[in-house]
Amino acid sequence: MAYFDNAATTFPKPEEVYTFTDKFYREFGVNVGRGQHVLATKASSLVGETRQLLLELNHCSDRKVVFTHTATEALNTILRGMDLPSGSNVYVSPFEHNAVMRVLHYIGEQKHLNIKELELDRTNFLYDVEKIKYRFADNPPNLVIVSHASNVCGVIAPIKEIFALSKQYDVVNVVDMCQTMGLIDTDLSETNVDFAVFAGHKTLYGPFGIAGFICSSNANIKPLMFGGTGIDSASRTLPNTVPERYEVGSPNITAIAGLNAALKWINKVGIENILETERHNHLRLLEKLREFNNIKIISPINGENSVGVISCNFEGYESSSIGQVLSAHDVAVRTGLHCSPDAHHYLGTFPGGSVRFSVSYFNDENDFQILHNALNYIYENS
């Protein structure tokens, strides 16, 4: 099958991920921090090395990595752990996932929050940094949350510029890097970024079950869950140290092993080479889609300022129907709202959503030929 659903999860993974995950779990698949034996020490070393690899990838060796099972859990930990005052101004991009917006809705039911969208030019898909500057001045932010790249249309946000402006108001800045970490070389050493969320199974090319966030060592948010941490077990309270304060229960050592192998693969191939290959595949995808006049592209049509995620509508058909036809012709895509209804309100594709194509490093010419044949079938039978 020609797989164009990489925004949901990259597939396939590098071969190293499969082989190392299997080997490690067979030989050292024990719990972390719960034993003094050699196996537990090996598992603990793996977790520590994986944290370090993530920090090195993002050029922020003085920060901390908190592991969670999903990025949704990471965002809940961050947002629900803050003590936002009632009436806070919370700025978000137009493309936030429900993992952000539903959490803000939950908080807003208890505390009134003023949710405001960051300005973006609908014609060229560029954030209007100048307008954002004046908007912040008129209504100072308390919290800013930005999806680094949209999971609906691929648009990349200028987080460096936006966070530099918002930090003048002593706010907390959160960036969702689920579609970019491991793909776009990003320096998280700058203090303007307070929390950077990642998902191991997307552009980091790891497995499901491992995600988290990068933060400073003095991050002070309330923990989402309570329980055993493997240290200071006599105390009724959680440790005050990061990451221990936010990591309770047993970690998914299998998934961490897979992420470890994926990070080493990224270092071996080079993040700049991975981005270059994805951009090539992104342009090939655009080229194929633009061949058919029954397809309306709802993403930057030149591929600039965007990752390889493209939303489309097919003239005369619901997105779900197109998804079924494509699947029958061995093409995997995602249809609907992609858990980002606000993005579709903004793009004018609500409630039907879109057909989303997304590429990865591993797409090849055979995939594009299969796709072309399927698109041609739809066109000829419309």
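One can find the structure itself at the top, above this paragraph.
Here the structure is a predicted model, which is why all the values come from computation and not from measurement. (Residues numbered from 1 in each chain as written. Predicted model: local features only at pLDDT ≥ 70, side-chain atom pairs only at ≥ 80, totals over all residues. Heavy atoms only, no water.)

Trainee: Explain the overall build of the protein chain to me, and be specific about the residues and the numbers.
Mentor: Broken down by element type, the protein chain carries eleven helices and 15 strands. Relative to the globule expectation of 21 Å for 382 residues, the C-alpha radius of gyration of the protein chain, 21 Å, shows essentially globular dimensions. Burial analysis of the protein chain (382 residues in total) assigns 55% to the buried set. Accessible surface, the protein chain: about 16,800 Å² in total, of which carbon and sulfur atoms supply 49%. Taking the 31 positively charged and 42 negatively charged side chains of the protein chain as two groups, their mean positions are separated by 6 Å. (Helix = DSSP H or I, 4+ residues; strand = E, 2+ residues; numbered from the N terminus. Rg over C-alpha atoms; globule rule 2.2 N^0.38 Å. Buried < 20%, exposed > 50% of the residue type's maximum accessible area, 1.4 Å probe, protein only. Areas by Shrake-Rupley, 256 points an atom, 1.4 Å probe, with all protein chains shown as cover. Lys, Arg positive; Asp, Glu negative; His and termini not counted. Charge placed at Lys NZ, Arg CZ, Asp CG, Glu CD.)

Trainee: Please give an account of the state of the cysteines that cites residues and values.
Mentor: Enumeration over the complete set of coordinates arrives at zero disulfides. No disulfide involves Cys 178; its nearest neighbouring cysteine sulfur is the one of Cys 339, lying 12 Å away. The structure places no disulfide on Cys 215, whose sulfur is separated from the nearest cysteine sulfur, that of Cys 60, by 9.9 Å. (Disulfide = S-S within 2.5 Å.)

Trainee: Break down the packing of helix H9 (residues 319-328) against helix H11 (residues 365-380) for me, citing the residues and quoting the values.
Mentor: At a minimum axis separation of 9 Å, H9 and H11 run at an interaxial angle of 130°. Considered as vectors, H9 and H11 are oriented oblique to each other. Considering the relative orientation of H9 and H11, their crossing is right-handed. Seen from H9, the contacting residues are Ile 322, Val 325 and Leu 326; seen from H11, they are Ala 374, Leu 375, Tyr 377 and Ile 378. Grouping the amino acids of the contact of H9 with H11 by side-chain chemistry returns seven nonpolar, no polar and no charged. (Axes fitted to C-alpha atoms, helices over the stretch in contact; angles between N-to-C directions. Parallel < 35°, antiparallel > 145°, perpendicular 65-115°, else oblique. Left-handed = near helix turned anticlockwise from the far one by under 90°. Contact = heavy atoms within 4.5 Å. Nonpolar A, V, L, I, M, F, W, Y, C, P; charged D, E, K, R; others polar.)

Trainee: Which residues make up the pattern of salt bridges, and what values go with them?
Mentor: The full count for this structure, using the stated rule, is 13 salt bridges. Close ionic contact of Lys 23 with Glu 27 constitutes a salt bridge, the shortest N to O distance being 3.0 Å. With Lys 23 and Glu 27 both in helix H1 (residues 15-28) and four residues apart, this pair spans about one turn of that helix. Residue class for Glu 27 comes out partly exposed when judged on its relative accessible area of 39%. For Glu 365, the salt bridge identified is with Arg 284, shortest N-O distance 2.3 Å. One end of the pair, Glu 365, is in helix H11; the other, Arg 284, is in helix H8 (residues 271-290), with 81 residues separating them in the sequence. Connected through shared salt-bridge partners, Asp 5, Arg 334 and Arg 356 make up one network. (Salt bridge = Lys/Arg side-chain N within 4 Å of Asp/Glu carboxyl O.)

Trainee: Pulling in residues and values, what's your account of the pairing of strand E2 (residues 64-68)?
Mentor: Where burial is concerned, most of E2 is hidden: four out of the five residues are buried. Where E2 lies against strand E10 (residues 211-215), five bridges are found, and the strand directions are antiparallel. Across the sheet, the residue bridging to Val 65 is Ile 214, located in E10. (Pairing = 2+ DSSP bridges.)

Trainee: Residue-level account of empty space enclosed by the protein, with values.
Mentor: Counted by the stated rule, this structure contains three cavities of 30 Å³ or more. Every residue lining the largest cavity is listed: Asn 6, Ala 7, Thr 10, Gln 179, Leu 183, Thr 203, Glu 278, Val 307, Gly 308, Val 309, Ser 358 and Val 359. By residue class, the composition of the lining of the largest cavity is five nonpolar, six polar and one charged. Empty space within the second largest cavity amounts to approximately 50 Å³. Lining the second largest cavity are Thr 68, Glu 73, Thr 77, Leu 224, Met 225, Tyr 246, Glu 247 and Val 248. (1 Å grid on protein atoms, 1.4 Å probe; cavity = no way out; pocket = protein on both sides within 12 Å on 5 of 7 lines; lining within 4 Å. Points joined across faces, edges and corners; volume = space filled by probe spheres on them.)

Trainee: Give a detailed account of unusual backbone geometry, specifying residues and quantitative values.
Mentor: Each neighbour pair has its own omega, and for Phe 11 with Pro 12 the value is 0°, a cis peptide bond. Assignment of secondary structure puts Pro 12 in the loop between strand E1 (2-3) and H1. Omega for the bond connecting Phe 350 with Pro 351 falls within 30 degrees of zero, at 5°, which places this linkage in the cis form. Relative to the helices and strands, Pro 351 resides in the loop between helix H10 (341-347) and strand E15 (354-358). Although it is not a glycine, His 59 adopts a positive phi angle of roughly 55°. If you trace the backbone, His 59 turns up in the loop between helix H2 (38-57) and E2. Judged by relative accessible area, His 59 falls into the partly exposed class, the value being 41%. The residue Asn 305 is not glycine, and still its phi comes out positive at about 55°.

Trainee: Give a description of the side chain of Arg 284 that names residues and reports values.
Mentor: On the accessibility criterion, Arg 284 (14% relative accessible area) is buried. Engagement of the side chain of Arg 284 in a polar contact is seen with the side chain of Glu 365, the distance being 2.3 Å. In contact with Arg 284, not counting residues within four places along its chain, are Glu 365 and Phe 368. (Polar contact = N/O pair within 3.5 Å; in protein donor to acceptor, adjacent residues only side chain to side chain.)

Trainee: Give me the lowdown on a negative patch on the surface, citing residues and values where you can.
Mentor: A contiguous patch of negative charge on the surface is contributed by Asp 185, Asp 187, Glu 272 and Glu 276. Following the sequence through the fold, Glu 276 ends up in helix H8. Accessibility expressed as a relative area gives 54% for Glu 276, which makes it exposed. (Patch = residues over 30% accessible without salt bridge, like charges linked within 9 Å, V, L, I, M, F, W, Y side chains within 5 Å.)

Trainee: How would you explain the sheet that holds strand E12 (residues 309-314) if you had to name every residue and give the values?
Mentor: Across the sheet, four strands lie side by side as E11-E12-E15-E14; this open sheet has antiparallel pairing. Looking at which strands have only one partner, the edges of the open sheet turn out to be strand E11 (295-297) and strand E14 (334-336). Between one strand axis and the next, the sheet turns through 30° on average, direction left out of account. In this sheet, E12 lies alongside E11 in antiparallel orientation, the contact comprising three bridges.

By themselves, these figures tell us nothing about what the structure is for.
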